[in-house]
There are 2 protein chains.
Amino acid sequence: MLKDFEKKKKEDKDALGAQIKELQAKLLSQQQLLRDAGLPVIVLIEGWAAAGKGSLIKELISEIDPRFYNVVSPVVIRESEERFPFLNQYYKAIPETGKVTFLDSGWMESAVQKFLRHEITKSEYNHRIRQVNEFERQLKNSGYLMLKVFLHIDKDEQFGRLRALAEAPETEWRVTRDDLWQHKEYKRFRSAYDEFMVKTNEAERWNILDGSRKKTAVRDTLRLLTKMIDHAVEAGKFTGEPYEEKFPLKKMPLLSEVDLSPAIDEDEYRKELKKLQTRLSELHNIIYRKKIPVILCYEGWDAAGKGGNIRRVTYSLDPRGFDVRPTASPLPHEKNRHFLWRFWTRLPKTGHICIFDRTWYGRVMVERLEGFCSENDWKRAYNEINEFERMLTDWGAVVLKFWIHIDQNTQLARFTDRQNTPEKQWKITDEDWRNREKWPQYEVAVNEMLQNTCTKNAPWYIIESNDKKYARIKTLKIIVKALEKACDEHFKRIME
Amino acid sequence: MLKDFEKKKKEDKDALGAQIKELQAKLLSQQQLLRDAGLPVIVLIEGWAAAGKGSLIKELISEIDPRFYNVVSPVVIRESEERFPFLNQYYKAIPETGKVTFLDSGWMESAVQKFLRHEITKSEYNHRIRQVNEFERQLKNSGYLMLKVFLHIDKDEQFGRLRALAEAPETEWRVTRDDLWQHKEYKRFRSAYDEFMVKTNEAERWNILDGSRKKTAVRDTLRLLTKMIDHAVEAGKFTGEPYEEKFPLKKMPLLSEVDLSPAIDEDEYRKELKKLQTRLSELHNIIYRKKIPVILCYEGWDAAGKGGNIRRVTYSLDPRGFDVRPTASPLPHEKNRHFLWRFWTRLPKTGHICIFDRTWYGRVMVERLEGFCSENDWKRAYNEINEFERMLTDWGAVVLKFWIHIDQNTQLARFTDRQNTPEKQWKITDEDWRNREKWPQYEVAVNEMLQNTCTKNAPWYIIESNDKKYARIKTLKIIVKALEKACDEHFKRIME
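It should be emphasised that the depicted structure is a prediction, and the values quoted were computed from it without experimental measurement.

Caption draft 1: Here's a closer look at the overall build of chain A. Regarding its fold elements, chain A presents 20 helices and 10 strands. Taken along its principal axes, the extent of the C-alpha atoms in chain A is 100 × 50 × 40 Å. Relative to its 496 residues, chain A shows a buried fraction of 55%. Long-range contacts, defined here as pairs at least 24 residues apart, represent 84% of the contacts in chain A between residues at least 6 apart. Side chains of chain A carry 87 positive and 78 negative charges; the gap between the two charge centres is 2 Å.

Have a look at this one:
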């Protein structure tokens, strides 16, 4: 009898090994399908310390060509991590189309650990959960495949594994204080992991696998992964769902309703400019010390005076504490990722000011009008942008958005002047003239954008710029007022 | 009399102001010239604490369009800084063609501070000086313009300025412990700065300006900068000087002399593979703990078996501790910088293994043969690469370079097999066939490359890969041996 039992066991083991080999070969053959279909894949492996996340990933990648994947492990540079939004490092890690990113623990671990360590409050924790759901939904809607696995082991199993590691001299260093703490607090962690999974089971579902049966976990992950890929390749790229959430919005006027006559005389301009720049300079010092990040967004008609306006702002700032980020057409590796990726990866550190000269709103203007994205894409983008900006303000950022506004005649006069002035000619291109012909279509798009994305936390301001000096003063006043408010409320906010 | 004196003083001051305005306008007009000429510019402002570096930069940028420049301040994330080579953050900051990077203190401060604080030894300090000279010369030779300014103030002046800052509540926080320490150690710093400037006055000369006369320093910097740009625009892009230094090189055989018959039988392969992978896995643990960075470079003929070879190496490694970096054609923003930039920015952290699947040697192979760079460029590249790799090994890295070698018949057989096997077809492109036709030219280039860049610190290994299994075992043996040596000698090395 025992012999039969042992024989059966051996057969099962061999069968499992053969299944794994087969699935690894299948994954290898899917590389090309992913590439052809332009599908990016994220595989998130979470789970207990010593549950075997690393060796699971090792098996998953063992046959794939290194050009197709990337393994990302948690970053432990506390200082740099804490000066950016929570999801920053994960957003940075998302793959291009046709490639796979394996995450050896990720946003779940980062949220749960911080919370259990009381480094973030319950309300911050809830923000993180919401942000995770938004993050996953946005990725899904833009065609990302995501597999979420939680490797589960019980307390006794973990004890045995940690002990084996800790007692062997060559692996002793692998057992961290965090691991030991997790083990001692097993029960608390268990319910926190459970709660996190219940609350983030929306866009993508969790798969709980038994970490104590290593080979079975490998096979099951490979099955889930290859099935997901087969399914997606067959279904074609997911084109996104319509958005659901309604953000409370501020009412904006139509561009045609804006009175563009306001102007300012030279003397008052000089006086005001000096006063505002001095004040802004003082405020820059304070926000630097209070570590408040500031994000200023400039959009507007060609030749509306964005550049000169930005320069009047930066003139007051310490060059060590700000950056101007011009936004050009996306590069290939940017185009092959979620449209917000190239902005996520350019956020300022806390305490710094970042000025975007054109922004993510390109999605609902030029990309919409030139057909660089689908209708679904740009319609969904209003909500995606509102979520992105709420994430920024939840993080503590001041976000201000300026539409630098002129009328068509003023634009024509400035274009002509640029054309006729040798040292300004570089500023004017054929594309500017072509865009000018599309003024009416742009006006429709801009009006829709202003209506759909003027949130309380990240408001739009229309800046009348037929008189550039008036525009500069108005912009500076808005910035100064917003920074004063942010400095005043800083302590209250962090104490919430 | 006094009235005349005061009048003269006022006139001088006005004249200075007018000169600055004029030079700022000139700089503004040079933006376009820089863009058209494809010239990148680096402005390095070094000097004493409180000498006015920040406000000097503010004046320099005040009129330029933010799309043309970038200000970089010293990074203070000690942890991340110390896990990369000294020049890493500065190399990362170099601008694209047509743009300007202003550095608010840079490699001088980083080298001198570390040395005076005894955080690096005299010999490491000397390495840094050599690396700085190499860095500046390499940039110059690839067309970069560089202006180096040292803002000098005497001890009394610094005392007054630090005191003014420290005693005003709103600026008190700006005075750091480092600043106070520098002031107390003024004399030591003075001679260290002096020595550093004397020793790094090679590729680009230092300009010492009087920081106590702020406006004059602004004018003089603007003058130097605009003059440098004018001169460079007139002269056209600098095409580089021939290299001077002779590295001690190991003698390499010609490819045609290599016997490609070695093979291994299946049984021995399995046995050896297992043994070597187990050992490599152990060594990976040790190098991780000892924080030794490892850089493995793969080059070779198309279809020589690089991918499979790399996979046999990575199979033994913990996915958290290695990265495979495939090298494709450079993207536009990479092409617009020094050719090593895209590798500099992808170096592994200490303790990590980085495998480059194709490397910077593209410069002397495909870029040479396809005419993507000038003859001057690729001829100079041998030396530039040797310097780059010496910098890596001075930093403590193990650098191994593999030429995966096959003969023409074997390549043809593998190409044909790929063509005829559906799941391998993605691996073969028209370009591969075109490259095959250029075999003889490539062979000349590869032979030259091997002769010119097989240094003792970063040696080449020719891996006979007509039998792929033999090739994998040979590569693994070389890696294991090199890592064992590095682990053995680690303590001795850091104690040097």
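Having put the structure on the table, let's press on.
Caption draft 2: Broad picture of a nonpolar patch on the surface. Residues A:Phe491, A:Ile494 and A:Met495 make up a contiguous nonpolar surface patch of about 360 Å² in total accessible area. By the secondary structure assignment, A:Phe491 is in helix H20 (residues 468-494).

Caption draft 3: Up close: the relation of the copies chain A and chain B. Taken as rigid bodies, chain A and chain B are interconverted by a rotation of 180° and an axial shift of 0.0 Å, the fit giving an RMSD of 0.1 Å. Seen this way, the second copy is the image of the first under a two-fold rotation axis. The share of interface residues of chain A whose copies in chain B are also at the interface is 98%, consistent with both copies meeting through the same surface.

Caption draft 4: Region of interest: the packing of helix H5 (residues 107-116) of chain B against helix H9 (residues 186-199) of chain B. All names here are of chain B. With their axes 10 Å apart at the nearest point, H5 and H9 run at an angle of 130° to one another. Between H5 and H9, the angle falls in the class oblique. In this structure, the crossing between H5 and H9 has a hand that is right-handed. Between H5, through Trp 107, Met 108, Glu 109, Ala 111, Val 112 and Leu 116, and H9, the contact on the second element is made entirely by Arg 188, Phe 189, Ala 192, Tyr 193, Phe 196 and Met 197. Grouping the constituent residues of the contact of H5 with H9 by class yields 10 nonpolar, no polar and 2 charged.

Caption draft 5: The state of the cysteines, seen in detail. Residues and elements named next belong to chain B. Per the stated rule, a full pass over the model turns up 0 disulfides over all chains. For the unlinked cysteine Cys 354, the closest cysteine sulfur is that of Cys 297, found at 8.5 Å. Among the cysteines around Cys 373, which has no disulfide bond, Cys 297 carries the closest sulfur, lying 19 Å off.

Caption draft 6: Spatial organisation of the sheet that holds strand S6 (residues 294-300) of chain A. All names here are of chain A. The parallel open sheet is built from 5 strands, whose spatial order is S7-S8-S6-S9-S10. Of all strands in the sheet, those bounded by a partner on one side alone are strand S7 (322-326) and strand S10 (460-464). The mean angle between the axes of side-by-side strands here comes to 20°, regardless of whether they run parallel or antiparallel. Examined bridge by bridge, strand S9 (residues 398-405) and S10 share 5 bridges and lie parallel to one another. For Phe 402, the partnering residue across the bridge sits in S10 and is Tyr 461. Contacting S6, S7, strand S8 (353-357), S9 and S10, helix H12 (residues 306-314) crosses the sheet at an angle of about 160° to S6.

Caption draft 7: A look at empty space enclosed by the protein. Residue and element names in this part refer to chain B. Under the defined criterion, the tally for this structure stands at 11 cavities of 30 Å³ or more. Looking at the largest cavity, it is lined by 14 residues, and the ones nearest its centre are Tyr 91, Glu 134, Phe 135, Gln 138 and Trp 344. Every element with two or more residues in the lining of the largest cavity is listed here: helix H6 (122-141) and helix H16 (375-395). Take the lining of the largest cavity: its biggest share by element is 5 residues, from H6. By residue class, the composition of the lining of the largest cavity is 8 nonpolar, 3 polar and 3 charged.

Caption draft 8: The side chain of B:Arg311, seen in detail. Relative to the elements of secondary structure, B:Arg311 occurs in helix H12 (residues 306-314). Setting aside residues up to four positions removed in sequence, B:Arg311 forms contacts with A:Ser62, A:Glu63, A:Ile64, A:Asp65 and A:Pro66.

Caption draft 9: Quick peek at the interface of chain A and chain B. Between chain A and chain B, the contact holds 49 residues from the first and 48 residues from the second. Summing the contributions of chain A and of chain B, the shared interface buries around 4500 Å²; its carbon and sulfur component is 58%. Contact with chain B buries surface across chain A, with A:Trp173, A:Arg311 and A:Trp426 losing the most and accounting together for 15% of the total. In this structure, the connection of chain A to chain B is made through 6 salt bridges.

Caption draft 10: Geometry of the pairing of strand S1 (residues 41-47) of chain A. Residues and elements named next belong to chain A. Here S1 lies mainly inside the structure; 7 of its 7 residues are buried. Of the two faces of S1, the one carrying Val 41, Val 43, Ile 45 and Gly 47 and the one carrying Ile 42, Leu 44 and Glu 46 are both buried. Where S1 and strand S4 (residues 145-152) come together, 7 bridges link them in parallel fashion. The partner of Ile 42 across the bridge, within S4, is Met 146.

Caption draft 11: Structural view of H16(B). All names here are of chain B. With 21 residues, H16 extends 30 Å from end C-alpha to end C-alpha; this agrees with the ideal 30 Å at 1.5 Å per step. The largest bend in H16 amounts to roughly 35° and is located at Ala 381. Summarising burial for H16: 16 of the 21 residues are buried, a large majority. Downstream of H16 by a residue or two, Gly 396 has a phi angle that is positive, lying close to 120°.

Caption draft 12: Molecular detail of the pattern of salt bridges. Residue and element names in this part refer to chain A. Summed over all chains, the structure comprises 83 salt bridges over all chains. Two residues, Lys 7 and Glu 11, come together in a salt bridge whose shortest N-O distance is 3.9 Å. In this pair, Lys 7 and Glu 11 are both assigned in helix H1 (residues 2-37), 4 residues apart and thus about one turn of the helix distant. The exposure class of Lys 7 is exposed, given its relative accessible area of 54%. Linking Arg 346 and Glu 334 is a salt bridge whose minimum nitrogen-to-oxygen distance equals 2.6 Å. Note that Arg 346 is positioned in the loop between helix H14 (341-344) and S8 and Glu 334 in helix H13 (residues 332-335), a separation of 12 residues in sequence. Within the structure, one salt-bridge network assembled from shared partners comprises Arg 363, Glu 367, Asp 377, Arg 380 and Glu 384.

Caption draft 13: Quick look at H20(A). The terminal C-alpha atoms of H20(A), which comprises 27 residues, lie 37 Å apart, in line with the 39 Å expected from a rise of 1.5 Å per residue. In H20(A), a bend of some 40° at A:Asp488 exceeds every other bend along the element.

Caption draft 14: Main features of the sheet that holds strand S5 (residues 206-210) of chain B. Residue and element names in this part refer to chain B. A sheet is described by the order of its strands in space; here 5 strands give the open sequence S2-S3-S1-S4-S5, paired in parallel fashion. The sheet terminates laterally at strand S2 (69-72) and S5, the two strands that pair on one side only. The sheet shows a mean angle of 20° between the axes of neighbouring strands, taken without regard to direction.

Caption draft 15: Quick peek at the pairing of S6(A). All names here are of chain A. Of all the 7 residues making up S6, 7 are buried; the element is thus mostly covered by neighbouring parts of the structure. Neither face of S6 is left uncovered, since the one carrying Val 294, Leu 296, Tyr 298 and Gly 300 and the one carrying Ile 295, Cys 297 and Glu 299 both have all their residues buried. For S6 and S8, the ladder comprises 5 bridges, and the chain directions are parallel. Counterpart to Ile 295 in the pairing with S8 is Cys 354. Summarising the sheet, S6 and S9 pair through 7 bridges and their orientation is parallel. Directly across from Val 294, in S9, lies its bridge partner Val 398.

Caption draft 16: Representation of the packing of aromatic side chains within the structure. All names here are of chain A. As enumerated under the stated definition, the model contains 53 aromatic pairs over all chains in all. Both rings, one in Trp 344 and one in Phe 388, keep their centres 5.9 Å apart while their planes meet at 45°; by these two values the pair is tilted. Remark: Phe 388 occurs in helix H16 (residues 375-395) and Trp 344 occurs in helix H14; sequence separation between them is 44 residues. Through pairs of rings, three or more aromatic residues link up here, namely Tyr 90, Tyr 91, Trp 107, Phe 135, Phe 343, Trp 344, Phe 356, Trp 360, Tyr 361, Phe 388 and Trp 460. Directly above the aromatic system of Trp 341 lies the positively charged group of Arg 337, at a separation of 4.2 Å from the ring centroid.

What counts and what doesn't
Residues numbered from 1 in each chain as written. Chains lettered and ligands numbered in written order. Predicted model: local features only at pLDDT ≥ 70, side-chain atom pairs only at ≥ 80, totals over all residues. Heavy atoms only, no water. Helix = DSSP H or I, 4+ residues; strand = E, 2+ residues; numbered from the N terminus. Buried < 20%, exposed > 50% of the residue type's maximum accessible area, 1.4 Å probe, protein only. Contact = heavy atoms within 4.5 Å. Lys, Arg positive; Asp, Glu negative; His and termini not counted. Charge placed at Lys NZ, Arg CZ, Asp CG, Glu CD. Patch = residues over 30% accessible without salt bridge, like charges linked within 9 Å, V, L, I, M, F, W, Y side chains within 5 Å. Areas by Shrake-Rupley, 256 points an atom, 1.4 Å probe, with all protein chains shown as cover. Salt bridge = Lys/Arg side-chain N within 4 Å of Asp/Glu carboxyl O. Least-squares fit on C-alpha atoms with pLDDT ≥ 70 in both. Axes fitted to C-alpha atoms, helices over the stretch in contact; angles between N-to-C directions. Parallel < 35°, antiparallel > 145°, perpendicular 65-115°, else oblique. Left-handed = near helix turned anticlockwise from the far one by under 90°. Nonpolar A, V, L, I, M, F, W, Y, C, P; charged D, E, K, R; others polar. Disulfide = S-S within 2.5 Å. Pairing = 2+ DSSP bridges. 1 Å grid on protein atoms, 1.4 Å probe; cavity = no way out; pocket = protein on both sides within 12 Å on 5 of 7 lines; lining within 4 Å. Points joined across faces, edges and corners; volume = space filled by probe spheres on them. Buried area = accessible area lost by both parts, 1.4 Å probe. Expected span 1.5 Å × (residues − 1). Bend = angle between axes of the 7 residues up to and from the residue. Phe/Tyr/Trp six-rings, centres within 6.5 Å; stacked < 30°, edge-to-face > 60°. Lys NZ or Arg CZ within 6 Å of the ring centre and 35° of its normal.

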